[in-house]
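# Descriptive analysis of the structure
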Amino acid sequence: MYTIYLVEDDMNLNQILAYYLQQEGWDVVTFLNGEDAKQAIGDNPQLWILDIMMPGMDGYQLLKEIKLQNNSAPIIFISARDADLDRIVGLELGSDDYLAKPFLPRELVIRARKLLERIYGQPDRESATLKTFKVAAYLIEGRARSVKNELGENIDLTAREFDLLMYFVLHPGQLIQREQVLRQIWGEDFYGTDRVVDDLIRRLRKKMPELRLETVYGSGYRLVKA
C-alpha cells in the first residue's frame, strides 16, 4: 500500500482529493500548509502532491526542502497560476508531473497511479493473495482460500466472504469505505444498495467473532491490527 502526502491549503479541495486517493486503497496524509508538511519529510512517503500557491512556505520552497533532505519520492505539482511557467519551474526544481487547476479529481488519481507504477513497478496483488496470514485467532491460507480457527477447525466462508476477509487482511489498520468494498467485491457494474456491504460484514463477524473488525460510523470499516 502506497503512502501519499497531500499538501493543499484549500480545506475543501484537500478533503475531496484525499477521498479520491483513498478510494484507490492508498494511505493519504494531508497537510494544509508547507510548514507542517516540512516536518514530515523524514517520513519518506512514496509520493508527494504539492499545491504551489500556499501562504507562508509555498510549493516551490517545500519541494526544495524535500530534495535537500535527499528524499527521492516523486512529486506532482498542482496550481491555478500560469500553467506553462509553473510547469517549467516545477520540472527544473525536480517535480515529476504537473496539473493545472481546475482539474477532475479522477485525473489526479490516474496521474498518481501511472507515476507510482512507473517508479515502483506494478503492484503484485495476485501473489499477495496467495500467502498465508495469521490474524487474531485465525490461520488464513490465501492459496487454498481456507480459514482455520485456533483449534485447527475449518471455517466455512462463501466466496464473497473470503474475498472481503482478504481485502481487509491486505489493508490492515486502513479505513475501508463501503464504496471501496462494493467496487472490490461486487465490481464496477454493481448498481444495488451499499447495505449489502453491511450484511456481508455482519456474516463475516458472526463466523469469525475473534476478528477485530470495527465500524467507523459514517465512514466504513477497519481491521484493527493485533
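This section reports on the structure supplied with the text.

Conventions and cut-offs
Residues numbered from 1 in each chain as written. Predicted model: local features only at pLDDT ≥ 70, side-chain atom pairs only at ≥ 80, totals over all residues. Heavy atoms only, no water. Axes fitted to C-alpha atoms, helices over the stretch in contact; angles between N-to-C directions. Helix = DSSP H or I, 4+ residues; strand = E, 2+ residues; numbered from the N terminus. Parallel < 35°, antiparallel > 145°, perpendicular 65-115°, else oblique. Contact = heavy atoms within 4.5 Å. Phe/Tyr/Trp six-rings, centres within 6.5 Å; stacked < 30°, edge-to-face > 60°. Buried < 20%, exposed > 50% of the residue type's maximum accessible area, 1.4 Å probe, protein only. Polar contact = N/O pair within 3.5 Å; in protein donor to acceptor, adjacent residues only side chain to side chain. Pairing = 2+ DSSP bridges.

Where helix 8 (residues 178-186) contacts helix 9 (residues 195-207), the two axes come as close as 9 Å, and the packing angle between them is 80°. Between helix 8 and helix 9, the crossing angle belongs to the class labelled roughly perpendicular. Contacts between helix 8 and helix 9 involve Arg-178, Val-181, Leu-182, Ile-185 and Trp-186 from the first element and Arg-195, Val-196, Val-197, Asp-198 and Leu-200 from the second.

Per the stated rule, a full pass over the model turns up 5 aromatic pairs. Ring plane angle 90° and centroid distance 5.7 Å describe the contact between Tyr-19 and Tyr-20, whose orientation is recorded as edge-to-face. Tyr-19 gets classed as partly exposed once you look at its relative accessible area, which sits at 31%. Cluster of aromatic residues (ring-pair linked, three or more members): Tyr-5, Phe-31 and Trp-48.

Along the chain, the position of Glu-24 falls in the loop between helix 1 (11-22) and strand 2 (27-31). Polar side-chain contacts of Glu-24 include one of 3.1 Å to the side chain of Arg-106. Excluding anything up to four places from it in sequence, Glu-24 contacts Arg-106, Val-109, Arg-113 and Arg-183.

Attention now goes to the pairing of strand 11 (residues 220-223). Direction of pairing for strand 9 (residues 176-177) relative to strand 11: antiparallel, over a ladder of 2 bridges. Residue pairing for strand 11: Gln-177 is matched across the bridge by Gly-220. Where strand 10 (residues 213-216) lies against strand 11, 4 bridges are found, and the strand directions are antiparallel. In the strand pairing of strand 11, Leu-213 is matched with Leu-223. Remark: 3 residues form the turn of the hairpin made by strand 10 and strand 11, two consecutive strands paired antiparallel; Gly-218 in that turn has positive phi of roughly 85°.

Attention now goes to unusual backbone geometry. In this structure, Pro-102 follows Lys-101 across a cis peptide bond, with omega equal to -5°. Assignment of secondary structure puts Pro-102 in the loop between strand 5 (97-100) and helix 5 (105-120). Although it is not a glycine, Arg-145 sits at a positive phi angle of roughly 50°. Inspection of the secondary structure assignment puts Arg-145 in the loop between strand 7 (138-141) and strand 8 (146-148).

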